[in-house]
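These are the residues of each chain, in order.
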Amino acid sequence: MSFDDIAPPELLRERAFNLRWAQQPAGVIPLTAADSDFPVAPQIREAMARYVHDGVLGYGPPEGLAHFRDAVARWLTQRCGLSCTGGDVIATDSAAAAIAQVAGACLTAGDEVLIPDPVDFLFAHTISKAGATPVRVPLRPETTAAEYVAALQERVSTCTRMMWLCHPHNPLGLVKDPAWLRPVAEWAVARGLWILSDEVWSDIVYPPHRIVSVAALSQEIAARTVTVYGFSKGFGLAGLRIGAIVCTDAQRLEQIVSSADVRSTVAGASVLSQVGAAAAVTSAGSWLDGFLRHLRDQRDYALARLAAWPTVTAAVPQGTFVVFPNVSGLSQNTEELCAMLLRRAGVALVPGTPRWFGPGAAGHLRISFATSRQVLAEAFDRLDPVIAEIAEIAERSVRAHRGRSSV
Ligand SMILES: Cc1ncc(COP(=O)(O)O)c(C=O)c1O
């Protein structure tokens, strides 16, 4: 499949929500929510069409269809080194719901959870919804495992129950290797904490980086880890609201299933979504390879364009399809900056505000590049002159400030 063209723009404007085409004024390019602009793999569409055509759409098993669970276990075993079977997997209606189910089963009011800062808003949101408290641990691209462990150690308390990791990391784009992950996970296990590893981004990793699941690091770590997987990023299935939880501790998995209320039919993943998701991981691997090649080119293109923005720096994303430039030299208020870029350039970006990523995101913007080259180039063509003007004003104010302080 070619990634030269995005899905028909009129369909995106009708169907792409969550701060994207359908929710922006006409003409605005939304490089916002991490959702792809491309139509999904034909193998997924065909499998879903066949299933609907067969005409039986009754209840599925509460834990998920056996062929979905087996397919996810095989995929994660092959790609991320997890050692699991279908029996260790349950279907959830999205990765977001998976995280909430784990929180609902593992946390109670007064508990604390160690999370990276910055990180996707879902972490703090979900922990708070469960009545617990997120405790933020600063993470930067250059943070070593020893530094992260030291920061965890400073923040752990008698109320700490879990440590959550985002692997690969949204918004920093980091893909930590086992040498980094192992001491961090071992620290948590040694303190009797459970680990939630959100691996919804595990399909978007750029060579030479490789993804190794946290639960693949050792049996001791696997025994204390719940892995969350999803289909919204690699396969563009956000609208199907489908995801999975993997846990090889049968007791813990049973606790998650019971508290999720799937056996009563109050909750549960759509059978049709499971069919589409199972087709993704059984038949759309070569589609994903093509998507990854395109995304890698897009990443390099975005970095090259950002390099021309005065004072702006950006770490190279090792995974994910978002880049997270530091724009603090242009503006200290990224919310205002994004509002201005929307108004003046007609491009929507996500500001690095506490609401989206935590206080550790200050001075940054998030830009999604899961679109065509044409759309990304157009976005940068529109942004460049506005950024140049803002940079000029910032530079003048720095000069004026220097002038004032030297008199
Ligand atoms: C780190 C992280 N976890 C979870 C999700 C939610 O994924 P889903 O659409 O499957 O609920 C996202 C989506 O952006 C994410 O970035």
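Coordinates for the structure precede this section.
Computed from a predicted structure; not experimentally measured.

Draft legend 1. Quick peek at the overall build of the protein. Broken down by element type, the protein carries 14 helices and twelve strands. For 407 residues, the compact-globule formula gives about 22 Å, and the C-alpha radius of gyration of the protein, at 22 Å, lands near that figure. Oriented by its inertia axes, the alpha-carbon framework of the protein measures out at about 70 × 55 × 35 Å. Of all 407 residues assigned to the protein, the portion counted as buried reaches 55%. When the accessible area of the protein is evaluated, it comes to approximately 17,000 Å², of which 54% is carbon and sulfur surface. Seen as two clouds, the 36 positive and the 39 negative side-chain charges of the protein have centres 3 Å apart.

Draft legend 2. Fine view of the packing of aromatic side chains. With the rule as written, the count across this model stands at 16 aromatic pairs. The interplanar angle of 55° and the centroid separation of 5.9 Å between the aromatic rings of tryptophan 75 and phenylalanine 235 together place this pair among those described as tilted. Of the two residues, tryptophan 75 is situated in helix α3 (residues 66-80) and phenylalanine 235 in the loop between β7 (225-230) and β8 (243-246); the sequence distance between them amounts to 160 residues. Taken as a pair, tryptophan 75 and phenylalanine 235 share a single burial class, namely buried. Look at phenylalanine 235 and tryptophan 287: their rings are 6.4 Å apart centre to centre, the planes differ by 25°, and that puts the pair in the stacked class. Here the residue phenylalanine 235 occupies a position in the loop between β7 and β8, and tryptophan 287 occupies one in helix α11 (residues 285-307), the gap between them amounting to 52 residues. Accessibility classification places phenylalanine 235 together with tryptophan 287 in one group, the buried group.

Draft legend 3. The pattern of salt bridges, seen in detail. Using the criterion set out here, one finds 15 salt bridges in the structure. Its salt-bridge partner being arginine 305, residue aspartate 384 comes within 2.7 Å of it at the nearest N-O pair. With aspartate 384 in helix α14 (residues 373-406) and arginine 305 in helix α11, this pair connects stretches of sequence that are 79 residues apart. For aspartate 384, a relative accessible area of 24% puts it in the partly exposed group.

Draft legend 4. Molecular detail of the packing of α3 against helix α10 (residues 271-283). Interaxial distance between α3 and α10 falls to 9 Å at its minimum, and their mutual angle equals 30°. One finds that α3 runs roughly parallel with respect to α10. The handedness of the crossing between α3 and α10 is left-handed. Each of His67, Phe68, Ala71, Val72, Arg74 and Trp75 in α3 lies in contact with α10, whose residues at this interface are Gln274, Val275, Ala277, Ala278, Val281 and Thr282. Split into classes, the residues belonging to the contact of α3 with α10 amount to eight nonpolar, three polar and one charged.

Draft legend 5. How the structure looks around unusual backbone geometry. Between histidine 167 and the following residue, proline 168, the backbone shows a cis peptide bond with an omega angle of -5°. With respect to the helices, strands and loops of the structure, proline 168 is situated in the loop between β5 (160-166) and α7 (178-190). Residue proline 171 follows asparagine 170 across a cis peptide bond; omega there is 15°. Tracing the backbone shows proline 171 in the loop between β5 and α7. Non-glycine residue leucine 19 carries a positive phi angle of around 75°. With respect to the element layout, leucine 19 can be found in the loop between α1 (9-15) and β1 (29-30). Its identity is not glycine, yet threonine 265 carries a phi of approximately 75°, on the positive side. Its location among the elements puts threonine 265 in the loop between α9 (250-260) and α10. With relative accessibility at 52%, the residue threonine 265 sits in the exposed group.

Rules and cut-offs
Residues numbered from 1 in each chain as written. Predicted model: local features only at pLDDT ≥ 70, side-chain atom pairs only at ≥ 80, totals over all residues. Heavy atoms only, no water. Helix = DSSP H or I, 4+ residues; strand = E, 2+ residues; numbered from the N terminus. Rg over C-alpha atoms; globule rule 2.2 N^0.38 Å. Buried < 20%, exposed > 50% of the residue type's maximum accessible area, 1.4 Å probe, protein only. Areas by Shrake-Rupley, 256 points an atom, 1.4 Å probe, with all protein chains shown as cover. Lys, Arg positive; Asp, Glu negative; His and termini not counted. Charge placed at Lys NZ, Arg CZ, Asp CG, Glu CD. Phe/Tyr/Trp six-rings, centres within 6.5 Å; stacked < 30°, edge-to-face > 60°. Salt bridge = Lys/Arg side-chain N within 4 Å of Asp/Glu carboxyl O. Axes fitted to C-alpha atoms, helices over the stretch in contact; angles between N-to-C directions. Parallel < 35°, antiparallel > 145°, perpendicular 65-115°, else oblique. Left-handed = near helix turned anticlockwise from the far one by under 90°. Contact = heavy atoms within 4.5 Å. Nonpolar A, V, L, I, M, F, W, Y, C, P; charged D, E, K, R; others polar.

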